[in-house]
Amino acid sequence: MKAVVVFSGGVDSVCAASFLKKKYELYGITFAYGQKAGREITASKSFAKKLGLRQHRIVDIGFMKTMYGDSNALTSSKKKIPGEFDYSIVVPIRNAVFLSIASAWAFTLGASLVAYGAHTGDKNYPDCRPAFAKKLEAAFNSGEADGIKRGLRKSVRIWSPYMEGLSKSELIDVGMKFLGDSIFRTWSCYSDKRHHCGVCESCNNRKSAFENAGVTDKTRYLH
């Protein structure tokens, strides 16, 4: 069976791919959407090889940066990235954009699963919630209903660790077993510095997740 994974190069998506690897042939798709954290794309290339993805596509949708404007701190040059959750770091329906493109690819590949790395700790993000993903799944399959009925397309299921009740620290447990210390080369930081900044919301969540998993965090942080 084939699965398309939204594969940012962050710890969540890499561990989600590790979780699925035994059961699926994995196809990774990474999006350059104008985010500040360009280093995550470099990480995605490295882990695509390490995980043996059948294909890895990097899709440039950088035009979204202009469309998003100053609506969020991840693409805006004017907004400061906070150290804890604030709605300024919610990129408007970012996952819907990603999952739409990923699902279009899945239909062409004959893949039955489209995965992204949302977990139970992402409850503050509406487009990470299982209810949202289920509605997208229904809409996408409706959009290909005739092809599915004729046997020309496979229906897709949108999956996330959130739907399995998995937390970020539980995902790390999965990733550690498969990746070992290379897991510390995933990229979580919202900035694009040489090393993880250690103070943004995502870095703080990363630190907490490793601690909760009982894993000594060997990530290099600036702070």
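Whatever comes next refers back to the structure up there.
Read on for an overview of the structure.

The rules behind the values
Residues numbered from 1 in each chain as written. Predicted model: local features only at pLDDT ≥ 70, side-chain atom pairs only at ≥ 80, totals over all residues. Heavy atoms only, no water. Helix = DSSP H or I, 4+ residues; strand = E, 2+ residues; numbered from the N terminus. Rg over C-alpha atoms; globule rule 2.2 N^0.38 Å. Buried < 20%, exposed > 50% of the residue type's maximum accessible area, 1.4 Å probe, protein only. Contact = heavy atoms within 4.5 Å. Lys, Arg positive; Asp, Glu negative; His and termini not counted. Charge placed at Lys NZ, Arg CZ, Asp CG, Glu CD. Axes fitted to C-alpha atoms, helices over the stretch in contact; angles between N-to-C directions. Left-handed = near helix turned anticlockwise from the far one by under 90°. Nonpolar A, V, L, I, M, F, W, Y, C, P; charged D, E, K, R; others polar. Pairing = 2+ DSSP bridges. Right-handed = clockwise from strand over helix to strand, strands pointing away. Core = buried A, V, L, I, M, F, W, Y, C linked by side-chain atoms within 4.5 Å.

In this section: the overall build of the protein. Helix and strand counts for the protein stand at eight helices and five strands. Listed N to C, the secondary structure of the protein is β-α-β-α-β-α-α-β-α-α-β-α-α in terms of helices and strands. The C-alpha atoms of the protein give 17 Å as radius of gyration, which agrees with the globular expectation for 223 residues (17 Å, within 12%). Seen through its principal axes, the protein has C-alpha atoms that stretch 55 × 40 × 30 Å. Taking all 223 residues of the protein together, the buried fraction comes to 51%. Expressed as a percentage of contacts within the protein between residues at least 6 apart in sequence, the contacts between residues at least 24 apart total 70%. A gap of 5 Å separates the mean positions of the 34 positive and 20 negative side-chain charges of the protein.

Here the focus is the side chain of Ser169. Within the secondary structure layout, Ser169 lies in helix α7 (residues 168-179). A relative accessible area of 14% means that Ser169 is categorised as buried.

Their axes nearest at 8 Å, the elements helix α1 (residues 11-20) and α7 cross at an angle of 60°. The interaxial crossing formed by α1 with α7 has left-handed handedness. Taken together, the residues of α7 that come into contact with α1 (itself represented by Val11, Asp12, Val14, Cys15, Ala16, Ser18 and Phe19) are Lys168, Leu171, Ile172, Val174, Gly175, Phe178 and Leu179. Looking at the contact of α1 with α7 residue by residue, the class counts come to ten nonpolar, two polar and two charged.

We now examine the pairing of strand β2 (residues 25-32). For β2, the tally of buried residues reaches seven of eight residues, placing the bulk of the element in the interior. With five bridges connecting them, strand β1 (residues 2-6) and β2 associate as parallel partners. Within β2, the position partnered with Val5 by the bridge is Gly28. Traced from β1 through α1 to β2, the parallel crossover comes out right-handed. Note that β2 and strand β3 (residues 55-60) share six bridges and pair parallel. The residue of β3 that forms the bridge with Tyr27 is Gln55. Regarding the hand of the β-α-β motif, the stretch spanning β2, helix α2 (residues 39-50) and β3 is right-handed.

This paragraph deals with the nonpolar core. Taken as a class, soluble globular proteins show a tendency for nonpolar side chains to be buried jointly. Val4, Val6, Leu99 and Ile158 are the most contacted members of the largest nonpolar core, which totals 43 residues. Mapped by element, the contributors of at least two residues to this core are β1, β2, α3 (63-68), α4 (94-109) and α5 (130-143). It is α4 that provides the largest number of residues to this core, a total of eight residues. Every residue in contact with Val4, bar those within four places of it in the chain, is listed here: Tyr27, Ile29, Ala102, Trp105, Ala106, Leu109, Ala111, Leu113, Val114 and Ala115. By size, the runner-up hydrophobic cluster in this structure holds 28 residues, among which are Ala3, Leu51, Ala209 and Phe210.

Our focus in this paragraph is the environment of Gly62. Turning to its location among the elements, Gly62 is positioned in the loop between β3 and α3. Judged by its relative accessible area of 28%, Gly62 falls in the partly exposed class. For Gly62 and Val5, which are 57 residues apart along the polypeptide, the C-alpha to C-alpha distance reads 20 Å. Setting aside chain neighbours within four positions, we find Gly62 in contact with Ala32, Tyr33 and Gly34.

This part takes up the sheet that holds β1. Judged by pairing direction, the sheet is parallel, and its five strands sit side by side in the order β3-β2-β1-β4-β5 without closing on themselves. Looking at which strands have only one partner, the edges of the open sheet turn out to be β3 and β5 (157-159). Direction aside, neighbouring strands of the sheet carry axes that sit 20° apart on average. Across three bridges, the pairing between strand β4 (residues 113-115) and β5 is parallel. Looking at β5, one finds that Leu113 is bridged to Arg157. Across the face of the sheet, α1 comes into contact with β1, β2, β4 and β5 while running at roughly 170° to β1.

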